[in-house]
Amino acid sequence: MDAAGRAGRGPEQAGGAAGVGQGGAGPGDAGALTAELLQRRLARFAAAREWGQYHTPKNLAAALSVEASELLEIFQWLTPGQAARIMDDPENAFRVRDEVADVLAYTLQLCEVLGIDALEALAAKIERNERRFPAGPYPLGPEPSAAREVPPRSSAPPHSPE
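These remarks concern the structure in this document. Because the structure is a prediction, the values reported are computed rather than measured.

Here we look at the overall build of the protein
- When helices and strands are counted, the protein shows six helices and zero strands.
- Secondary structure elements of the protein occur, N-terminal to C-terminal, as α-α-α-α-α-α.
- For the protein, contacts bridging at least 24 residues in sequence account for 65% of all contacts bridging at least 6.
- Total accessible area on the protein stands at roughly 11400 Å², and carbon and sulfur atoms take up 59% of it.

Encoded structure:
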C-alpha cells in the first residue's frame, strides 16, 4: 500500500515499513543491514510517534495478517506465468517489494515485542524442516498416510505454556 493509502490508517495499523529509510543503513548499504538493526529502527520509529501502546502481540499479528493479505491480493487473479513475471513490470515490482517490506516490518516488530530472535527462530525452523523433509524426490501428490510424519498433539490449550 502506498503512503496515500496508509494515511487513512490509525497508529495501530500504520508504521509498517514507513519511515524505516530514515537514519542508519539504507538500500545502498545493504551489507550493513541486520534484523537487529532494522528492529531497533522500527522501535525508534514507533516510539517517536508514541505507538508503543498499540504494538501489542495481538495487534502486530493482526497487522501482519493484513499486510500478508495485501501481498496476496497482488497475485490473486494472475495465472502462474503472470505471477512468475510480476517483477518484470516496474509498477508491480514496486507494489510487491512494498508489501513484502510491510510483512517483514510487522514480523520483526512482533519478534521484538515477544523477545524472539527472528533469525535464530528461522534457522531452527529450517533445521526442523530439513529433518522432516529429507532431500530426495518427492511425489507430486499427497504422501501415503502410513508414511506421513504426524507431530504429536498437545492437550494444552494453544495459549498456555506446555
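Resuming the write-up.
Notes on a nonpolar patch on the surface
- A cluster of nonpolar residues, Val 113, Leu 114 and Ile 116, forms a patch on the protein surface that exposes about 230 Å² of accessible area.
- Along the chain, the position of Val 113 falls in helix 5 (residues 90-114).

Brief notes about the pattern of salt bridges
- All chains considered together, the criterion is met by one salt bridge.
- Across the pair Glu 36 and Arg 40 runs a salt bridge whose closest N-O atoms are separated by 3.0 Å. Of this pair, Glu 36 and Arg 40 are both found in helix 2 (residues 35-48), four residues apart, which corresponds to roughly one turn of the helix.
- Since its relative accessible area comes to 52%, Glu 36 is described here as exposed.
- On the accessibility criterion, Arg 40 (41% relative accessible area) is partly exposed.

Some words on the side chain of Gln 109
- Inspection of the secondary structure assignment puts Gln 109 in helix 5.
- Classification of Gln 109 by relative accessible area gives buried; the value is 5%.

Structural notes on unusual backbone geometry
- Phi is positive for Glu 50, which is not a glycine, with a value near 55°.
- Relative to the helices and strands, Glu 50 is located in the loop between helix 2 and helix 3 (57-75).

Here we look at the environment of Ala 105
- In this fold, Ala 105 is placed in helix 5.
- Here the alpha-carbon distance between Ala 105 and Glu 67, two residues 38 residues apart in the chain, equals 9.8 Å.

Describing the packing of aromatic side chains
- In this structure the tally under the stated criterion is one aromatic pair.
- An angle of 75° between the planes, with centres 5.7 Å apart, marks the rings of Phe 45 and Trp 51 as edge-to-face. Across the pair, exposure class does not vary: Phe 45 and Trp 51 are buried alike.
- Positioned above the aromatic ring of Phe 45, the side-chain terminus of Arg 49 is 3.6 Å from the ring centre.

What to know about the nonpolar core
- In this structure, Ala 35, Leu 38, Leu 42, Ala 105, Leu 108, Cys 111 and Ala 118 together form the largest nonpolar core, which totals seven residues.
- Among the secondary structure elements, those contributing two or more residues to this core are helix 2 and helix 5.

Quick word on the packing of helix 2 against helix 5
- Close contact between helix 2 and helix 5 brings their axes to 9 Å; oriented N to C, the two are set at 85°. For the element pair helix 2 / helix 5, the angle class is roughly perpendicular. Seen from helix 2, the contacting residues are Ala 35, Leu 38, Gln 39 and Leu 42; seen from helix 5, they are Ala 105, Leu 108, Gln 109, Cys 111 and Glu 112.
- Within the contact of helix 2 with helix 5, the residues separate by chemical class into six nonpolar, two polar and one charged.

Details of helix 6 (residues 118-132)
- Between the first and last C-alpha of helix 6 there are 21 Å, a value that for 15 residues agrees with the 21 Å anticipated at 1.5 Å per step.
- With a side-chain oxygen positioned 3.1 Å from the backbone nitrogen of Leu 119, the residue opening helix 6 is Asp 117.

What counts as what
Residues numbered from 1 in each chain as written. Predicted model: local features only at pLDDT ≥ 70, side-chain atom pairs only at ≥ 80, totals over all residues. Heavy atoms only, no water. Helix = DSSP H or I, 4+ residues; strand = E, 2+ residues; numbered from the N terminus. Contact = heavy atoms within 4.5 Å. Areas by Shrake-Rupley, 256 points an atom, 1.4 Å probe, with all protein chains shown as cover. Patch = residues over 30% accessible without salt bridge, like charges linked within 9 Å, V, L, I, M, F, W, Y side chains within 5 Å. Salt bridge = Lys/Arg side-chain N within 4 Å of Asp/Glu carboxyl O. Buried < 20%, exposed > 50% of the residue type's maximum accessible area, 1.4 Å probe, protein only. Phe/Tyr/Trp six-rings, centres within 6.5 Å; stacked < 30°, edge-to-face > 60°. Lys NZ or Arg CZ within 6 Å of the ring centre and 35° of its normal. Core = buried A, V, L, I, M, F, W, Y, C linked by side-chain atoms within 4.5 Å. Axes fitted to C-alpha atoms, helices over the stretch in contact; angles between N-to-C directions. Parallel < 35°, antiparallel > 145°, perpendicular 65-115°, else oblique. Nonpolar A, V, L, I, M, F, W, Y, C, P; charged D, E, K, R; others polar. Expected span 1.5 Å × (residues − 1). Polar contact = N/O pair within 3.5 Å; in protein donor to acceptor, adjacent residues only side chain to side chain.

Nothing here speaks to function; it is all geometry.
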